[in-house]
Amino acid sequence: MTSREVSTGQGGRAEVVDEVLLAGRELSTAAVLFHSALAARQGLNASDTKALDLVARLGPMTAGELARHLALKPASVTALVGRLEEKGALRKAPHPEDGRKVVLRFNEEFAARNMHYFAELVGSLRELCERYTDEELEVIVSFMREAARRQGEATRNLG
């Protein structure tokens, strides 16, 4: 089914849903390839960059919390945190409530040194958003967040 057939209502709902799922697979592949290439340029791997993104978006957290978000075993996260510390991407700080623990903090200086990798993509995506109304963008955001939540749930179920 072509995009034109989807937009003109030809074909049934099952075909439209199949197109949405196929587009999601295409986006997923493009994202994995982009983040793998980005990670390689930074001397990291794709899991490292996704862990870093979680700490940047969600704020300081313990290694155990990061392990839960990533659905990884604590030993794997210990090595991952070590790599990110070595690259200057994360910093450990004393936990504000429990002196026996540390929290992982995103290093804004690392972000500043690496933002140029994202500039073209972010600009292009902002341009793409101009094609849609605010209401359409709200639907897209809702779908993407729920799809991400469900994919996270599926990931946890694999473990």
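The shown structure was predicted, so the numbers you read here are calculated from the model rather than taken from an experiment.

(A) Region of the structure containing the overall build of the chain. Tallying secondary structure elements over the chain gives 8 helices and 2 strands in all. When its helices and strands are written in sequence order, the chain yields α-α-α-α-α-β-β-α-α-α. Against the globule reference of 15 Å for 159 residues, the chain gives a C-alpha radius of gyration of 19 Å, more extended than a compact globule. On the principal axes, the C-alpha backbone points of the chain span a range of 60 × 35 × 30 Å. Burial analysis of the chain (159 residues in total) assigns 21% to the buried set. Contacts in the chain between residues far apart in sequence, at least 24 positions, make up 42% of those at least 6 positions apart. Looking at the chain as shown, the accessible area adds up to about 11,600 Å², and 55% of this sits on carbon and sulfur atoms.

(B) Layout of the side chain of Asn107. Residue placement: Asn107 occurs in the loop between strand S2 (102–106) and helix H6 (108–114). Separated by 2.7 Å, the side chain of Asn107 and the backbone oxygen of Gly88 make a polar contact. Residues in contact with Asn107, not counting those within four places in the same chain, are Gly88, Ala89, Leu90 and Arg91.

(C) Just the packing of helix H2 (residues 13–42) against helix H3 (residues 46–58), in detail. At their nearest, the axes of H2 and H3 sit 8 Å apart, and the two run at 95 degrees to each other. Taken together, H2 and H3 sit at an angle that is classed as roughly perpendicular. Listed contacts from H3 to His35, Ser36, Ala39 and Gln42 of H2 are Ala46, Thr49 and Lys50.

(D) Just the packing of H3 against helix H4 (residues 63–70), in detail. At a minimum axis distance of 10 Å, the contact between H3 and H4 shows a crossing angle of 115 degrees. Accordingly, the angle class assigned to the pair H3 and H4 is roughly perpendicular. Remark: the crossing between H3 and H4 carries right-handed chirality. Along the contact surface, H3 presents Ala51, Leu54, Val55 and Leu58, while H4 presents Leu66, His69 and Leu70. Classifying every residue of the contact of H3 with H4 by side-chain character gives 6 nonpolar, 1 polar and no charged.

(E) Representation of the nonpolar core in the model. Residues Ala51, Leu52, Leu66, Leu70, Leu80, Leu84 and Leu90 are the most contacted members of the largest nonpolar core, which totals 18 residues. Counting residues per element, the ones that place at least two in this core are H3, H4 and helix H5 (74–86). Leave out the neighbours within four places in its chain, and Leu66 touches Ala51, Leu54, Val55, Met61, Val77, Leu80, Val81 and Leu104.

(F) Expanded view of the pattern of salt bridges. Inspection of the entire model under this criterion finds 8 salt bridges. Between Arg91 and Glu109 there is a salt bridge, with its nearest N and O atoms 3.2 Å apart. Of this pair, Arg91 sits in strand S1 (residues 90–94) while Glu109 sits in helix H6, placing them 18 residues apart in sequence. Glu109 sits in the partly exposed class, given a relative accessible area of 49%. Between Arg149 and Glu153 there is a salt bridge whose closest N-O contact spans 3.0 Å. Here Glu153 and Arg149 lie together in helix H8 (residues 134–158), a separation of 4 residues that amounts to about one turn. When its relative accessible area of 37% is taken as the criterion, Glu153 is described as partly exposed.

(G) Focus on unusual backbone geometry. You will see that Ala71, though not glycine, has its phi angle at about 55 degrees, which is positive. Its location among the elements puts Ala71 in the loop between H4 and H5. According to the relative accessible area criterion, Ala71 is partly exposed, its value standing at 40%.

(H) Representation of the environment of Ala112 within the structure. Inspection of the secondary structure assignment puts Ala112 in helix H6. Residues Ala112 and Arg156 lie 44 residues apart in sequence; the distance between their C-alpha atoms is 32 Å.

Rules used throughout
Residues numbered from 1 in each chain as written. Predicted model: local features only at pLDDT ≥ 70, side-chain atom pairs only at ≥ 80, totals over all residues. Heavy atoms only, no water. Helix = DSSP H or I, 4+ residues; strand = E, 2+ residues; numbered from the N terminus. Rg over C-alpha atoms; globule rule 2.2 N^0.38 Å. Buried < 20%, exposed > 50% of the residue type's maximum accessible area, 1.4 Å probe, protein only. Contact = heavy atoms within 4.5 Å. Areas by Shrake-Rupley, 256 points an atom, 1.4 Å probe, with all protein chains shown as cover. Polar contact = N/O pair within 3.5 Å; in protein donor to acceptor, adjacent residues only side chain to side chain. Axes fitted to C-alpha atoms, helices over the stretch in contact; angles between N-to-C directions. Parallel < 35°, antiparallel > 145°, perpendicular 65-115°, else oblique. Left-handed = near helix turned anticlockwise from the far one by under 90°. Nonpolar A, V, L, I, M, F, W, Y, C, P; charged D, E, K, R; others polar. Core = buried A, V, L, I, M, F, W, Y, C linked by side-chain atoms within 4.5 Å. Salt bridge = Lys/Arg side-chain N within 4 Å of Asp/Glu carboxyl O.

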